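Architecture at a glance
Here's the letter readout for the chains.
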Amino acid sequence: MSVAHKGSWKALAVGVSAVLVGLTLPTVAATPAAATTTAYDDTYYAGAIGKTGTALKSSLHSIISDQTTISYSAVWNALKVTDQDPNNSSNVVLLYSGISRSKSLNGGATGNWNREHTWAQSHGDFGTSAGPGTDLHHLRPEDVQVNSIRGNKDFDNGGSSFTNSGGSLTDSNSFEPRSAVKGDVARMILYMAVRYEGDDAWEDLEPNDSVSNGSVPYHGRLSVLKQWNEADPPSAFEERRNELIYSNYQGNRNPFIDHPEWVEAIW
């Protein structure tokens, strides 16, 4: 993880804002929306800078909805690029298990990797249609059996280990990813909640604090996802992935990778 340069983003952002306005830091405060600066703030995110709450969410929705969709079959080759193992160009890194596996082993058999929908398809019933069903910002490679174990469970802390878990845990109604990708999962789920607002052919996807969402268009638990976003800042792998999706495939970005403090600014 790139903790050295981003691990303290929230504390630093609040500190800088307080100095600028000549105030003592409050004990509890939402992080300002414009707390950090990226190369895209003056261009891609220009309409969002300085906003908070529903205004920020609405602005980001307008920005990231300008998107090129791809087919579900095209996702296979895209994931071989976006999730390539930085230490072995012949492999991809599996999300929950952390295993490096040959790109050629994509499929549906035991020992293969397949296309995991981090925002479960049934939470809004969007299936694999172009749009939320093929959005690379939440699709990741995963071991076939691990993908099945996760199923459509909401995310939460707790549970037991399982074969090829890589440190991930599960129980009867929730799934906890390994620590190295907890922030990744949080930012993918919250991206989906901003991108898909019910103003197109798809359901309005929203986070909540439940672990029994079933087929409704909600995903939990928001309180835990917020903790994960803060504890596990964006890594170089995650940042590279965001850039590739933006430049090579969809033309849109996950704003919470560029500005993880926007999670608190909205929720």
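Residues numbered from 1 in each chain as written. Predicted model: local features only at pLDDT ≥ 70, side-chain atom pairs only at ≥ 80, totals over all residues. Heavy atoms only, no water.

The name given to the protein chain in an unreviewed UniProt entry is Endonuclease, and the organism recorded there is Streptomyces liliifuscus.

Comments concerning the packing of helix H4 (residues 72–82) against helix H8 (residues 236–249)
For clarity, the threshold we go by: Fitted lines through C-alpha atoms serve as axes, helices being fitted only where they are in contact, and the angles separating the N-to-C directions of these axes extend from 0 to 180 degrees. Helix and strand labels come from DSSP, where a helix needs a run of H or I of at least four residues and a strand needs a run of E of at least two; each type is numbered from the N terminus. Any angle that falls under 35 degrees is termed roughly parallel, while one over 145 is termed roughly antiparallel, one within 65 to 115 roughly perpendicular, and all others oblique. The hand of a helix crossing depends on one turn: near helix anticlockwise from the far one by less than a right angle means left-handed, and clockwise means right-handed. Only heavy atoms matter for contacts: two residues are in contact if any of them lie within 4.5 Å across the pair. Only Asp, Glu, Lys and Arg are considered charged in this grouping, and only Ala, Val, Leu, Ile, Met, Phe, Trp, Tyr, Cys and Pro are considered nonpolar; every other residue, Gly among them, is considered polar.
Put simply, H4 and H8 touch, their axes get as near as 9 Å, and they point 135° apart. Relative to H8, the element H4 lies oblique. In this structure, H4 crosses over H8, and the sense of that crossing is right-handed. Note on element contacts: H8 touches H4 through Phe237, Arg240, Arg241, Leu244, Ile245 and Tyr249, opposite Asn77, Ala78, Leu79, Val81 and Thr82. Residues of the contact of H4 with H8, tallied by class, amount to 7 nonpolar, 2 polar and 2 charged.

What to know about empty space enclosed by the protein
Basically, it comes down to this: Using a 1 Å grid laid over the protein atoms alone, points where a 1.4 Å probe fits but cannot get out form a cavity; open sets with protein on both sides within 12 Å along at least 5 of 7 lines form a pocket; any residue with an atom within 4 Å of a point counts as lining. Grid points are joined across faces, edges and corners, and a volume is the space filled by probe spheres set on the points.
In the structure shown here, the tally under the stated rule is 1 cavity of 30 Å³ or more. Around the largest cavity, the lining residues are His137, Arg140, Asp184, Met188, Glu238, Arg241, Asn242, Ile245, Asn254 and Ile257. Breaking the lining of the largest cavity down by element, the ones donating at least two residues are helix H6 (182–195) and H8. With 4 residues, H8 is the single largest residue contributor to the lining of the largest cavity. Taken together, the residues of the lining of the largest cavity break down into 3 nonpolar, 3 polar and 4 charged.

Some words on the packing of aromatic side chains
Just so we agree on the cut-off: The aromatic pairing rule takes the rings of Phe, Tyr and Trp, using the six-membered ring of Trp, and pairs them if the centres are within 6.5 Å, calling planes under 30 degrees apart stacked, those over 60 edge-to-face and the rest tilted. Here the term buried applies to any residue with accessible area under 20% of the maximum for its type, exposed to any over 50%, and partly exposed to those in between, with areas from a 1.4 Å probe on protein chains only. Definition used: whenever NZ (Lys) or CZ (Arg) falls within 6 Å of the ring centre and also within 35 degrees of the ring normal, the charge is taken to sit over that ring.
One pass over the full model with this rule turns up 9 aromatic pairs. Consider the rings of tyrosine 44 and tyrosine 45, whose centres lie 4.9 Å apart with planes at 80°: the pair is edge-to-face. Across the pair, tyrosine 45 and tyrosine 44 agree in class, each one buried. Ring geometry for tyrosine 44 and tyrosine 246: centres 5.4 Å apart, planes at 70°, overall edge-to-face. Highlighted residues: tyrosine 44 in the loop between helix H2 (9–21) and helix H3 (53–64) and tyrosine 246 in helix H8, separated in sequence by 202 residues. Ring pairs connect the aromatic residues Tyr40, Tyr44, Tyr45, Tyr246 and Trp262, which therefore count as one cluster. The ring of tyrosine 72 has arginine 115 lying over it, and the distance from NZ or CZ to the ring centre is 3.6 Å. A cation over an aromatic ring shows up here: arginine 253 above the ring of tyrosine 246, its NZ or CZ 4.9 Å from the ring centre.

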